[in-house]
Amino acid sequence: MENFNEGCELKEFQTLEGHSDRVWSLAWNPATGHSGIPYVFASCSGDKTVRIWEQNLSTGLWGCKAVLDETHTRTVRSCAWSPSGKLLATASFDATTAIWENVGGDFECVSTLEGHENEVKSVSWNASGSLLATCGRDKSVWIWEVQPGNEFECVSVLQGHTQDVKMVQWHPTMDILFSCSYDNSIKVWADEGDSDDWQCIQTLGESNNGHTSTVWALSFNTSGDKMFTCSDDLTLKLWETDSRRMQSGNEFAPWRHLCTLTGYHDRTIFSVHWSREGIIASGAADDCIRLFVENNESLVDGGPLYKLLLKKEKAHNMDINSVQWSPGEKRLLASASDDGTIKVWELLSL
Amino acid sequence: MVSGLINANPIIYEKKERRARPTPTFTDDGAAEPIDQQEIFDHIRDIKDPEHPYSLEELKVINEDAIEVDDQHSYVRVTFTPTVEHCSMATVIGLCLRVKLMRSLPSRYKVDIIVAPGSHSTEAAVNKQLNDKERVAAALENPNLLDMVDECLAPSFG
């Protein structure tokens, strides 16, 4: 890994226009961006549509390849690709989650998951693509099993949060689910038995040095032994678990608070995403993108564990709702904003 | 008499005199006059209370001094005072204020809407809800609530 202590620049590569309302979220297709396969990502918006964007290999620029409309009747809040990149799940305020399949370049809605009482706010696939999780304003988290023929069976409805659940995210390697909420907490869920007996096995709240306001998002490092969370309390928090105990699989390895990045953000932090190389990006309501890296000097002088690598002021004209690093070889970051645009950035070392 | 209203007999205050706004002037570089307290107040003073035929100004739910504006940093904070401290209409009033400013101010503006400290029994909960843009967005997709907001806002688009 390169030394990011030296100067670097987040260079705007392209601004993508098309959505007619705020862009809430975006997701890179994990099966693209390598072996000559052009980069693809999906975005979703308050305009009730999902857009698929594909990079043109000769010009290097992204264009809108498809608009997925006339399915969701309200805001599409979140989207997620299955690990194979073949299916796209979209969660909507219309209380449904739609599953889309790419059939010869056209996206067809092959399944609609119903069950939440009202707004669905987030959707996530597990590492193997066999399970899907959703969450919403009804305070519940649902786990769905993927069956042959694009059937999805709900195997568990998890109650525990006392307010709406903002985001669900599966662990990158294990079938452990994480959720974060308007109730200021993060909950960890696992299947304790062998009969879909999903339980909350840990709650990270204020008494564990947790957040003091809504937790909007969370992101893991590649190995899955560390997690950053971001909040309306204007902080990012880093949590860690014992990776050896976690991988042994015999017992649950609890998560503990490691450090808090405070004083960097001026308004709500809506998104945090950890790159493969260990660069943490945050997107916030102050229109800025910030990048953080591990502080190599902290072991020597006892300083902070993470430090600000750069701050991109006015990255968008309005709130930034989502920041996502690309898969593949390049160091690309995409951001989605209330200003209705998506921007693709490239991190360049100087 | 049993009344369905939260506050059946609110006190009505006199409206503040309308000061004439100077004609917008433009400086040499074409920049408009900065947005000030009075301009924000003019945007919201005529919003109708959700349960009374009076404006928020007449009920002293809002007043000019409870508006903080920093045009250079594109920031507005409106502090409002519900007429009774258990007012269940507080979130609707807050939503009306937010929507009116969202529709009236340049998009660069960041807006915070809060209830006056000590003026509401569930102050923290009301403030949290009003400043969660996801919940605001969801509320505005609810046709009944949107109708209610639009009705309250109608007199303010004079």
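Each chain carries its own residue numbering, running from 1 in the written order of its sequence. Each chain takes a letter, starting from A, and each ligand takes a number, starting from 1, following the order in which they are written. Where local features are concerned, this predicted model is filtered to residues with pLDDT of at least 70; where side-chain atom pairs are given and counted, the filter is 80 or more; whole-chain, interface and lining totals use all residues. Each side-chain value is worked out from all heavy atoms of the structure, with water and hydrogens disregarded.

- An unreviewed UniProt entry annotates chain B as MIP18 family-like domain-containing protein originating from Acacia crassicarpa.
- Turning to chain B, the UniProt record has this under Sequence similarities (unreviewed entry): "Belongs to the MIP18 family." UniProt positions are given in the numbering used here, feature names are shortened, and annotations may be inferred rather than shown by experiment.

- Chain A goes by Probable cytosolic iron-sulfur protein assembly protein CIAO1 homolog in an unreviewed UniProt entry, where it is assigned to Acacia crassicarpa.
- Here chain A is described in UniProt, under the heading Sequence similarities (unreviewed entry), as follows: "Belongs to the WD repeat CIA1 family."

### Side note on the packing of helix H2 (residues 90-104) of chain B against helix H3 (residues 123-130) of chain B
All names here are of chain B.
So, point 1. To obtain each axis, a line is fitted to C-alpha atoms, and for helices this fit is confined to the stretch in contact; angles are then taken between N-to-C directions over 0 to 180 degrees. A run of H or I in DSSP counts as a helix once it spans at least four residues, and a run of E counts as a strand once it spans at least two, with each numbered from the N terminus. Here H2 crosses H3 at 35°, and the two axes come no closer than 10 Å. Helix-helix and strand crossings are classified by hand; for H2 and H3 the assignment is right-handed. Along its contact with H2, which presents Ala-90, Thr-91, Gly-94, Leu-95 and Arg-98, the element H3 presents Val-126, Gln-129 and Leu-130.
So, point 2. Broken down by class, the residue content of the contact of H2 with H3 amounts to four nonpolar, three polar and one charged. Take the far helix as your reference; a near helix turned counterclockwise from it by less than a right angle gives a left-handed crossing, and one turned clockwise gives a right-handed crossing. Two residues form a contact once any of their heavy atoms are found within 4.5 Å. In this classification, Asp, Glu, Lys and Arg are treated as charged, Ala, Val, Leu, Ile, Met, Phe, Trp, Tyr, Cys and Pro as nonpolar, and every other residue, Gly included, as polar.

### Remarks on the pairing of strand S3 (residues 110-115) of chain B
Residues and elements named next belong to chain B.
So, point 1. Each residue gets one of three labels from its accessible area relative to the maximum for its type: buried under 20%, exposed over 50%, partly exposed in between, using a 1.4 Å probe on protein chains only. For S3, a buried count of six out of six residues is recorded, marking the element as mostly surrounded by other parts of the structure.
So, point 2. Along S3, one buried face is formed by Lys-110, Asp-112 and Ile-114 and the opposite face, lined by Val-111, Ile-113 and Val-115, is buried too.
So, point 3. By this definition, two strands are paired if DSSP reports at least two bridges between them. Note: strand S2 (residues 75-80) against S3, six bridges, orientation parallel. Its bridge partner lying in S3, Phe-80 is registered against Val-115.
So, point 4. Note that the unit made of S2, H2 and S3 has a crossover that is right-handed. A clockwise course of the path from the first strand over the helix to the second, judged with the strands pointing away from the viewer, identifies a crossover as right-handed.

### Let's talk about the UniProt feature "repeat: WD" (unreviewed entry) in chain A
Residues and elements named next belong to chain A.
So, point 1. Under the local residue numbering, the UniProt record ascribes the feature "repeat: WD" (unreviewed entry) to residues 16-54, 69-101, 113-154, 158-189, 208-249 and 313-350.
So, point 2. Measuring from the first to the last C-alpha atom of residues 16-54 gives 11 Å, for a span that is 0% helix and 46% strand.
So, point 3. With 0% helix and 60% strand, residues 113-154 has its two end C-alpha atoms placed 9 Å apart.

### A word on the interface of chain B and chain A
So, point 1. Listed by partner, the interface residues are 17 residues for chain B and 26 residues for chain A.
So, point 2. For the pair chain B and chain A, the summed buried area comes to about 1,600 Å², and 42% of that belongs to carbon and sulfur atoms.
So, point 3. The term buried area denotes the loss of accessible surface (1.4 Å probe radius) that occurs when two parts are joined, taken as the sum for both partners. The three residues of chain B that bury the most area against chain A are Lys-128, Lys-133 and Glu-134 of chain B, which together make up 41% of that side's buried surface.
So, point 4. We define a salt bridge as a side-chain nitrogen of Lys or Arg found within 4 Å of a carboxyl oxygen belonging to Asp or Glu. Our count for the chain B to chain A interface comes out at 11 salt bridges.
So, point 5. Across the pair Glu-134 of chain B and Lys-121 of chain A runs a salt bridge whose closest N-O atoms are separated by 3.1 Å.
So, point 6. When residues of the side of chain B that touches chain A are traced back to their parent elements, those giving at least two are S3, H3 and helix H4 (133-140) of chain B.
So, point 7. The element contributing the most residues to the side of chain B that touches chain A is H4 of chain B, with five residues.
So, point 8. Its residues assigned to classes, the side of chain B that touches chain A shows five nonpolar, three polar and nine charged.

### Here's the deal with the UniProt feature "domain: MIP18 family-like" (unreviewed entry) in chain B
So, point 1. Sites flagged by UniProt as "domain: MIP18 family-like" (unreviewed entry) map to residues 38-107 of chain B.
So, point 2. Counted over residues 38-107 of chain B, helix gives 31% and strand 14%. Its end C-alpha atoms are 19 Å apart.

### Some remarks on the pattern of salt bridges
So, point 1. For the structure shown, the criterion picks out 28 salt bridges over all chains.
So, point 2. With a shortest N-O distance of 2.7 Å, Arg-137 of chain A and Glu-119 of chain A are connected by a salt bridge. Of this pair, Arg-137 of chain A sits in the loop between strand S11 (131-136) and strand S12 (141-147) while Glu-119 of chain A is found in the loop between strand S9 (106-114) and strand S10 (120-125), placing the two residues 18 residues apart along the sequence.
So, point 3. For Lys-110 of chain B, the salt bridge goes to Asp-287 of chain A, with nearest N and O atoms at 2.5 Å. Of this pair, Lys-110 of chain B sits in strand S3 while Asp-287 of chain A sits in the loop between strand S23 (280-284) and strand S24 (289-294), placing the two residues on different chains. Of the two residues examined, Lys-110 of chain B and Asp-287 of chain A, each falls in the buried class.
So, point 4. What you see here is one network of salt bridges that share partners, running through Arg-77, Lys-121, Asp-164 and Lys-166 of chain A together with Asp-132, Glu-134 and Arg-135 of chain B.

### Topic: the nonpolar core
So, point 1. Counting 37 residues, the largest nonpolar core has Ile-40, Ile-44, Ile-62, Val-78, Phe-80, Leu-97 and Leu-101 of chain B as its most contacted members.
So, point 2. When residues of this core are traced back to their parent elements, those giving at least two are helix H1 (37-44), S2, H2, S3, H3, H4 and helix H5 (143-153) of chain B.
So, point 3. The element that contributes the greatest number of residues to this core is H2 of chain B, accounting for eight residues.
So, point 4. Look past the residues within four positions of Ile-62 of chain B in its chain and what remains in contact with it is Phe-41, Ile-44, Arg-45, Leu-56, Glu-57, Val-78, Phe-80 and Leu-97 of chain B.
So, point 5. The criterion is simple. A nonpolar core is a set of buried Ala, Val, Leu, Ile, Met, Phe, Trp, Tyr and Cys residues joined through side-chain atoms within 4.5 Å. Formed by 30 residues, the second largest nonpolar core is a distinct cluster that contains Leu-218, Met-227, Cys-230 and Ile-269 of chain A.

### Here we look at the sheet that holds strand S4 (residues 50-55) of chain A
Residues and elements named next belong to chain A.
So, point 1. A sheet is described by the order of its strands in space; here four strands give the open sequence S2-S3-S4-S5, paired in antiparallel fashion. Both edges of this open sheet fall to strand S2 (23-28) and strand S5 (62-68), since each of them pairs with a single strand only. Strand-to-strand twist in this sheet, taken as the mean axis angle between neighbours without regard to direction, amounts to 25°.

### So, empty space enclosed by the protein
Residue and element names in this part refer to chain B.
So, point 1. Here a cavity denotes a set of grid points, spaced 1 Å apart and computed over the protein atoms alone, in which a 1.4 Å probe fits but from which it cannot get out, and a pocket denotes an open set meeting protein on both sides within 12 Å along at least five of seven lines; residues with an atom within 4 Å of a point are reported as lining. Grid points are joined across faces, edges and corners, and a volume is the space filled by probe spheres set on the points. Enumeration over the complete set of coordinates arrives at one cavity of 30 Å³ or more.
So, point 2. Reported here for the largest cavity is a volume of approximately 50 Å³.
So, point 3. Every residue lining the largest cavity is listed: Ile-6, Asn-7, Asp-49, Glu-51, His-52, Thr-83, Val-84, Cys-87, Met-89 and Ile-93.
So, point 4. Grouping the constituent residues of the lining of the largest cavity by class yields five nonpolar, three polar and two charged.

### Considering unusual backbone geometry
So, point 1. Located in the positive-phi region is Lys-139 of chain A, a residue other than glycine, with phi close to 75°.
So, point 2. Its location among the elements puts Lys-139 of chain A in the loop between S11 and S12.

### Quick notes on the side chain of His-43 of chain B
So, point 1. Along the chain, His-43 of chain B turns up in helix H1.
So, point 2. Leaving out residues up to four positions away in the same chain, His-43 of chain B has contacts with Lys-100, Leu-101, Ser-104, Leu-105 and Ser-156 of chain B.

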